[in-house]
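Analysis of the macromolecular model
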Amino acid sequence: MLVLAHISDLHLDGSERATERAERVRDRLWDLPGRVDALLVTGDIADHGAEAEYEEAARILGDAPFPVLACPGNHDSRAPYRKALLGLPAADGPVNGVRVFDDAAVLMCDSSIPGRDEGALEEETYDWIEATLDGLGQEQRALLAFHHPPVALHHPLPDAYPLREPDRLAALLERRPEIAGIITGHAHTPAATVFAGRPLVVGPGVTWTLRMPWEGEQIADRDAPVGFAFHILDDTGRLTSHFRVVM
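In this text, all values refer to a predicted model and were calculated from it rather than measured experimentally.

1. Considerations on a nonpolar patch on the surface
A contiguous nonpolar patch, built from Leu-157, Tyr-161 and Ile-219 and spanning about 220 Å² of accessible area, is present on the exposed surface. Note on placement: Ile-219 falls in the loop between strand S10 (209-210) and strand S11 (220-221). Residue classification places Ile-219 among the partly exposed residues on the basis of a relative accessible area of 36%.

The following block contains the structure:
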């Protein structure tokens with residue numbers, strides 16, 4: 001089976017608060033007595049998309065005892081993300097990547113739209129997903145990871161900035177039974193639902209937690225503990241998620 005740790009929405013901005021929260025969850029994960037297969041980071045790693053923010057992310061996450069898999073969010077900027085976090089030449093196209101494990105593959109997809117808060121998977125990204133899955137073969141199960149959830153989460157803030165054209169993504173899932181589930185971030189609240197017949201899991205935010213409308217008028221709970229998740233994709237193709245906090 002495949003075991004992923006999952007964090008999202010670090011919003012590193014050079015402040016002591018953002019750094020401390022990211023380092024707090026980092027320390028918990030690095031000190032796990034048992035190994036996970038990888039750490040998945042679903043976007044908004046930086047708050048302003050500045051190169052220095054990605055340099056800080058690289059410092060915080062750089063000595064991980066397992067692979068770190070990441071994809072951009074709406075606060076991220078592709079060129080400095082590539083240069084300072086991935087060590088690649090700066091470029092403005094979608095940042096997509098795949099990691100293949102013995103039991104499954106994780107496709108990290110770029111759902112960011114430069115200069116916008118809502119999300120979309122570009123034509124180039126859809127073509128890349130199809131070609132990557134073709135190369136893996138239908139026997140290899142896969143998880144899709146990107147920033148923007150393709151469903152309403154019943155809060156006006158994240159629901160104002162969703163993934164565009166969810167029907168196109170649903171059509172892809174209908175053609176691709178090897179995709180076992182979708183993992184996203186963006187909403188700053190742990191959530192689980194179903195999209196196009198597949199499990200969809202939204203990771204909690206590191207920087208702050210979203211209060212739902214019935215929890216009060218203040219949107220951001222900045223005093224909530226740092227959240228993260230564990231996702232297990234087992235040998236039957238079932239995706240199971242466990243959520244944790246770091247006090």
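2. Structural notes on unusual backbone geometry
A positive phi is found at Glu-165, a non-glycine position, where the angle reads about 50°. Take Glu-165: it is sitting in the loop between helix H5 (156-159) and helix H6 (166-175). Despite not being glycine, His-186 has its phi angle at roughly 80°, a positive value. Note that His-186 resides in the loop between strand S7 (179-184) and strand S8 (191-195).

3. Considering the packing of helix H1 (residues 16-30) against helix H2 (residues 51-61)
With their axes 10 Å apart at the nearest point, H1 and H2 run at an angle of 25° to one another. Relative to H2, the element H1 is oriented roughly parallel. The element H1 and its partner H2 pack so that their crossing is right-handed. In this structure, H1 uses Thr-19, Ala-22, Glu-23, Arg-26 and Trp-30 to contact H2, whose residues at the interface are Glu-56, Arg-59, Ile-60 and Leu-61. In terms of residue class, the contact of H1 with H2 is made up of four nonpolar, one polar and four charged.

Thresholds, definitions, all that
Residues numbered from 1 in each chain as written. Predicted model: local features only at pLDDT ≥ 70, side-chain atom pairs only at ≥ 80, totals over all residues. Heavy atoms only, no water. Patch = residues over 30% accessible without salt bridge, like charges linked within 9 Å, V, L, I, M, F, W, Y side chains within 5 Å. Areas by Shrake-Rupley, 256 points an atom, 1.4 Å probe, with all protein chains shown as cover. Salt bridge = Lys/Arg side-chain N within 4 Å of Asp/Glu carboxyl O. Helix = DSSP H or I, 4+ residues; strand = E, 2+ residues; numbered from the N terminus. Buried < 20%, exposed > 50% of the residue type's maximum accessible area, 1.4 Å probe, protein only. Axes fitted to C-alpha atoms, helices over the stretch in contact; angles between N-to-C directions. Parallel < 35°, antiparallel > 145°, perpendicular 65-115°, else oblique. Left-handed = near helix turned anticlockwise from the far one by under 90°. Contact = heavy atoms within 4.5 Å. Nonpolar A, V, L, I, M, F, W, Y, C, P; charged D, E, K, R; others polar.

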